[in-house]
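Examining the three-dimensional arrangement
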Amino acid sequence: MGASGTPEPLVDVVMPQMGVSVSEGTIVAWRKQVGDWVAYEEPLVDISTDKIDTEVPSPAAGRLTEIVVEIGTTVDVGTVLARLATDARPGEPHASENGAPPTSEAAAAKGETPAPATPDPAPEPAAATPAQAPRSRRRYSPVVSRIAEEHGVDLSQVEGTGRGGRVRKQDVLAYVENGNGAAAETEPPLHIESPYRPDPAPAGAPAPAASAPAGVYEPPAPQPLSRMRQSIGAHMKRSLETAATCTTWIEVDMTAVQRERRKLGVTALAFVARAVIDALREFPALNAWMEGEKHTVHDDVNLGIAVSLGEDGLIVPVIRSAQDLSVEGLAKRIKELAMRARGRALSPDDVQAGTFTITNPGQYGSIMATPVINQPQVAILDLEAIVKRPVVVTDAQGDDSIAIREMTILGLSWDHRALDGALSAQFLAAVKRRLEGL
C-alpha cells in the first residue's frame, strides 16, 4: 500500500512456494503478452517444478506491463516473474487478445490514430474435414495438453468450463475420472495384494537387440538425472543427515482386512490409512514435525500418501484433515490424488503441510524396506506386500493350529531425536490391533 492507503500501481507476480522441498520452478508458458489485460486470479503463467506442473493465477487485476522471466528459464522461489499495472483500466482489448489494434482512451487522448489492421490473407484450400476445423481453433495450455497426452484423451471431446469454454486441467481430470479416457482402463493400481509378477511379452513383440561382439564393451551413453530425481535425492540425503533414523517392523494378519475391503470394493491401503490415523490420535507425538530443537505436535492428521511416477520418481500428495474421513472416503481421496499426481495436475496445496506419510512398495511384491523420513515429519509407515502363507493361530480356548492367512509387514522409520523405541513399538502395535480386530 502507498502512503495514502491506495494500492501501489505496480504489483509483482512471483514464483510461488510449491512445498517445503521445492526451491525453484521453470516457466513453461505465458498465457498473456505485455499490454494484455489480466483479471484477478486469471491463469497468467504455467510453471513446472520437480513435483508438479501448475497454473499461477494473477495476484491482482491489471495490465501486464513487463514479463521478467522468459519461457524455459528456471528461477528460485520468490523471484519476480512479471509486473502488473493495477492503476490501468480494462478499456479496449490489446491486439494480441483479439487480433485488433488497440483503441484505448489513452491513445485517443494522445491524439494517436491506430494504423488499420492488415487483413489476413485468404486461407489456402485444405482437405480438412468439417470435424477438424473447429478443433484447430481451440487452444490448450501446456498443462492440459500434457495431461491429455498421458491419459490418451481427445481434447476435442472435453467440455471446457473455463472462461470462453476454455478446457481446464480439472475438466480433463473429470473426463478421465468418469471413464471416458483411455487411462481409465489402464491406470496402474496404487496398491495390489499379491507379489508382483511381470506381464508376459505381447505377441509379436520385437526380439531383444543383438549384443555387441564378444570381447567388445560399448558403455551406454550417460543420462543426466531429471530435476525431480535430483530433488528427491537431495531431499532424502538431507533427511538421513538430519534425522536419527531408526526402523521398527511388525507382522500383521490382514485376513480380516482383505475380507472387508473386497466387500467395499476398495484397496487394503485405505484400511491401513484409517488404522494409522486412529493410532496417531492415540499417540500424537508421531503426528509431528521436528525442526531443529522444535517438536511441533499437530491436531489434524494431514496424511501423505507416496505415489510412484515411474521413471520420473515419486511424489507425496497430502490428504488434509484425514481424521474426518471414513475408509470409503479415504479410498476415494487416495485414488483421486494418485490420478492427479500421475497426470502432473496436483496444485501447490496438494503437496504441502503433511504431518505423517505412508509409502506402499508392497504393490511390487517387496516384503521389507527401510523408508526414509519425509522431513520435517518424525515418522513414515511402510506397507509391504500382503502374501498368503501358513502361520500358527491360537483359538479362543488357547489351542494352536496351522492356517493359511494373508500376512504383511509394516515398517516404521522414526526419528530418535523426537521419539523412543518403546513409543514407536506401541504405535505399531496399535495399528496392528486395529487391522486384526475388524
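Heads up: the structure comes first, above all this text.
In this report, we go over the structure that sits alongside the text. (Residues numbered from 1 in each chain as written. Predicted model: local features only at pLDDT ≥ 70, side-chain atom pairs only at ≥ 80, totals over all residues. Heavy atoms only, no water.)

Quick notes on the packing of aromatic side chains
Our working rule: Note on ring pairs: Phe, Tyr and Trp rings are taken, using the six-membered ring of Trp, and paired if centres are within 6.5 Å. Classes follow the plane angle, with under 30 degrees stacked, over 60 edge-to-face and the rest tilted. The numbering of helices and of strands both runs from the N terminus, where a helix is a DSSP run of H or I of at least 4 residues and a strand a run of E of at least 2. In this scheme, a residue with accessible area under 20% of its type's maximum is buried, one over 50% is exposed, and one in between is partly exposed, where area comes from a 1.4 Å probe on protein chains only.
One pass over the structure, following the stated rule, counts one aromatic pair. Measuring from centroid to centroid gives 5.8 Å for phenylalanine 356 and phenylalanine 427, while their planes differ by 55°, and the two rings are tilted. Of the two residues, phenylalanine 356 is situated in strand β16 (residues 356–359) and phenylalanine 427 in helix α11 (residues 421–436); the sequence distance between them amounts to 71 residues. With respect to class, phenylalanine 356 is no different from phenylalanine 427; both count as buried.

A short note on the pairing of strand β6 (residues 62–67)
Rule in force here: In this scheme, strands are said to pair when DSSP sees at least two bridges between them.
In terms of strand pairing, strand β3 (residues 37–38) meets β6 through two bridges, oriented antiparallel. The residue bridging valine 38 from the neighbouring strand is glycine 62, located in β6. Judged from the four bridges that link them, β6 and strand β8 (residues 80–85) form a sheet pairing that is antiparallel. Of the residues in β8, the one forming a bridge with isoleucine 67 is alanine 82.

Some thoughts on the sheet that holds strand β5 (residues 53–57)
Stated formally: Lines fitted to the C-alpha atoms define the axes, with helices restricted to the stretch that makes contact. Angles between their N-to-C directions range from 0 to 180 degrees.
Pairing in this open sheet of four strands is antiparallel, and the strands run β5-β4-β2-β7 from one edge to the other. Sheet topology places β5 and β7 (74–76) at the edges, where each strand pairs with a single neighbour. Pairs of neighbouring strands in the sheet enclose a mean axial angle of 40°, with direction left out of account. Judged from the three bridges that link them, strand β2 (residues 24–30) and β7 form a sheet pairing that is antiparallel. Of the residues in β7, the one forming a bridge with threonine 26 is threonine 74.

Comments concerning the nonpolar core
Worth spelling out the cut-off: To define a nonpolar core, start from buried Ala, Val, Leu, Ile, Met, Phe, Trp, Tyr and Cys residues and group those joined through side-chain atoms within 4.5 Å. Pairs of residues are marked as contacts when any of their non-hydrogen atoms sit within 4.5 Å.
With 56 residues, the main nonpolar core has Phe356, Phe427 and Leu435 as its most contacted residues. A total of eleven residues in this core trace back to one element, the largest contributor, which is helix α9 (residues 268–282). Excluding residues within four positions of it along the chain, phenylalanine 427 makes contact with Val276, Ala279, Leu280, Phe283, Leu286, Phe356 and Leu412. In terms of nonpolar packing, the next biggest core, distinct from the first, is built from 16 residues, Val13, Ile27, Val56 and Ala82 among them.

Focus: a nonpolar patch on the surface
Cut-off, in case you're wondering: Each patch groups residues whose relative accessible area exceeds 30% and which form no salt bridge, using 9 Å between like charges and 5 Å between nonpolar side chains of Val, Leu, Ile, Met, Phe, Trp and Tyr. Each accessible area value is a Shrake-Rupley result obtained with a 1.4 Å probe; residue values ignore everything except the protein chains displayed when judging cover. Salt bridges are identified by distance alone: a Lys or Arg side-chain nitrogen within 4 Å of an Asp or Glu carboxyl oxygen.
The grouping of Trp249, Ile367 and Met368 at the surface amounts to a nonpolar patch, some 320 Å² of accessible area in total. Among the structural elements, methionine 368 can be located in the loop between β16 and β17 (379–383). On the basis of relative accessibility, which here comes to 47%, the residue methionine 368 falls in the partly exposed class.

In short, shape yes, function no, at least from these values alone.
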